[in-house]
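The primary structure of each chain is shown beneath.
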Amino acid sequence: MLSVARRPISGAVPAGNLLGIHLFKCPDTVGIVAKLSECIASRGGNIHSVDVFVPEDKHVFYSRSEFTYNPMLWPRDELHKDFLSISHFFSAQRSTVRVPDLDPKYKISVLASKQDHCLFDLLYRWQEGRLPVDINCVISNHDRPEDNHVRRFLQRHGIPYHHLPTTPGNKREQEILELIESTDFVVLARYMQILSESFLKSYGKDIINIHHGLLPSFKGGHPSRQAFNAGVKLIGATSHFVTNELDEGPIIEQMVERVSHRDTLQSFVVKSENLEKQCLAEAIKSYCELRVLPYELKKTVVF
């Protein structure tokens with residue numbers, strides 16, 4: 001396993017050059033890194049970092065590369081063709097290349113319920129340019145008055161807000177599917193509804209969720225109170241992909257913080273919500289930076 005320390009994606013890029021990112025998964029064989037390096041070098045590019053993972057007991061190769069190149073010497077369509085050729089050569093299961101300064105940002109929709117902390121944190125980070133996404137709309141099963149801070153923010157930035165109240169017999173899934181049809185992926189910012197198997201199949205793209213704890217602990221209602229009453233010493237948050245099995249999807253990011261007997265329930269909740277916000281934002285950022293790959297059935301490789 002070759003590993004290079006993670007650093008900001010926006011590292012120093014020579015003037016006139018662009019940053020490219022390549023994520024790769026294929027059957028393991030000799031010469032993959034050499035072929036990728038040769039491709040980039042032959043076009044005058046320069047590799048800035050590379051991370052490779054080859055499981056000991058699996059015949060599979062994972063890699064993520066960052067490189068800089070001159071777009072005048074390597075046009076975007078030619079870059080795509082070159083990496084596509086490598087993909088075919090190695091019979092790759094996944095080969096994705098992105099040029100953040102040229103390619104469209106990922107288009108997402110955000111689903112939320114009553115709690116605002118994760119939703120508003122994402123909106124704030126988006127406004128600050130700290131999340132490389134475009135927000136298509138916000139959908140909620142909980143109504144918010146017109147003067148609510150979230151509604152005012154969305155209106156100010158021209159982001160549609162859709163209130164779709166749900167009942168046990170009607171989760172409004174068909175309407176949600178129509179609203180998110182053109183998105184690249186969906187984010188559940190404390191959306192307290194279970195999405196059906198048919199919904200997941202119909203959407204067919206990734207959905208990222210934030211869970212209020214270190215899975216699989218403290219499921220159900222009032223998780224902070226459950227953990228508080230249990231006297232735990234570490235609290236956490238888990239961001240994961242949504243699958244048919246409730247809260248069992250592959251984990252993208254987890255964060256923890258120490259608590260003690262000196263914490264009140266109020267301070268406990270504040271710490272927990274802060275973890276949820278950070279964990280969800282980091283998972284989205286990692287996903288957009290092509291750092292996440294499925295690994296086996298319930299795992300991920302996160303470079």
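Residues numbered from 1 in each chain as written. Predicted model: local features only at pLDDT ≥ 70, side-chain atom pairs only at ≥ 80, totals over all residues. Heavy atoms only, no water.

## Digging into the overall build of the protein
Moving on, step 1. Tallying secondary structure elements over the protein gives eight helices and 13 strands in all.
Moving on, step 2. Relative to the 2.2 N^0.38 estimate, which gives 19 Å for 303 residues, the radius of gyration of the protein is 21 Å and therefore close to what a compact globule would have.
Moving on, step 3. By its C-alpha atoms, the protein is 60 × 40 × 40 Å across when sized along the principal axes.
Moving on, step 4. With 303 residues in all, the protein has 46% of them scored as buried.
Moving on, step 5. Relative to all contacts within the protein whose residues are 6 or more apart in sequence, the contacts with residues 24 or more apart total 67%.
Moving on, step 6. On the protein, roughly 15300 Å² of surface is accessible, and the fraction owed to carbon and sulfur atoms is 52%. (Helix = DSSP H or I, 4+ residues; strand = E, 2+ residues; numbered from the N terminus. Rg over C-alpha atoms; globule rule 2.2 N^0.38 Å. Buried < 20%, exposed > 50% of the residue type's maximum accessible area, 1.4 Å probe, protein only. Contact = heavy atoms within 4.5 Å. Areas by Shrake-Rupley, 256 points an atom, 1.4 Å probe, with all protein chains shown as cover.)

## Considering the pattern of salt bridges
Opposite charge on two side chains allows them to pair when their charged atoms are near.
Moving on, step 1. Scanning the entire structure with this criterion turns up 18 salt bridges.
Moving on, step 2. Two residues, E276 and R190, come together in a salt bridge whose shortest N-O distance is 3.0 Å. Placement of E276 in helix α8 (residues 265–288) and of R190 in the loop between β8 (185–188) and α6 (197–203) is noted, with a sequence separation of 86 residues between them.
Moving on, step 3. A relative accessible area of 2% means that E276 is categorised as buried.
Moving on, step 4. Looking at R190, the relative accessible area reads 7%, which means it is buried.
Moving on, step 5. In this structure, K285 and E289 form a salt bridge, with 2.9 Å as the shortest nitrogen-oxygen distance. (Salt bridge = Lys/Arg side-chain N within 4 Å of Asp/Glu carboxyl O.)

## Considerations on the sheet that holds strand β4 (residues 94–98)
Moving on, step 1. One open sheet holds the four strands; their spatial order is β2-β3-β1-β4, and the pairing between them is antiparallel. In this open sheet, the two edge strands, each paired with only one partner strand, are β2 (46–53) and β4. On average, each strand axis in the sheet is tilted by 10° relative to the strand beside it, whichever way the strands run.
Moving on, step 2. As paired strands, strand β1 (residues 18–27) and strand β3 (residues 60–69) are joined by ten bridges and run antiparallel to one another. Bridge pairing links L23 to R64 in β3. (Pairing = 2+ DSSP bridges. Axes fitted to C-alpha atoms, helices over the stretch in contact; angles between N-to-C directions.)

## Things to note about the UniProt feature "domain: ACT" (unreviewed entry) in the protein
Moving on, step 1. UniProt tags residues 21–97 as "domain: ACT" (unreviewed entry).
Moving on, step 2. Annotated as residues 21–97, this span is 32% helix and 38% strand, and its ends, taken at the C-alpha atoms, are 6 Å apart. (UniProt positions renumbered as here; feature names shortened; annotations may be inferred.)

## What to know about the nonpolar core
Moving on, step 1. Grouped together as the largest cluster of nonpolar side chains are 51 residues, with contacts concentrated most on L122, V133, F185, L280 and I284.
Moving on, step 2. Top element by residues in this core is α8. It accounts for nine residues.
Moving on, step 3. Here V133 is in contact with K105, Y106, I108, W126, F185, I284 and C288, once residues within four sequence places are set aside.
Moving on, step 4. In terms of nonpolar packing, the next biggest core, distinct from the first, is built from 18 residues, L18, V52, W74 and V97 among them. (Core = buried A, V, L, I, M, F, W, Y, C linked by side-chain atoms within 4.5 Å.)

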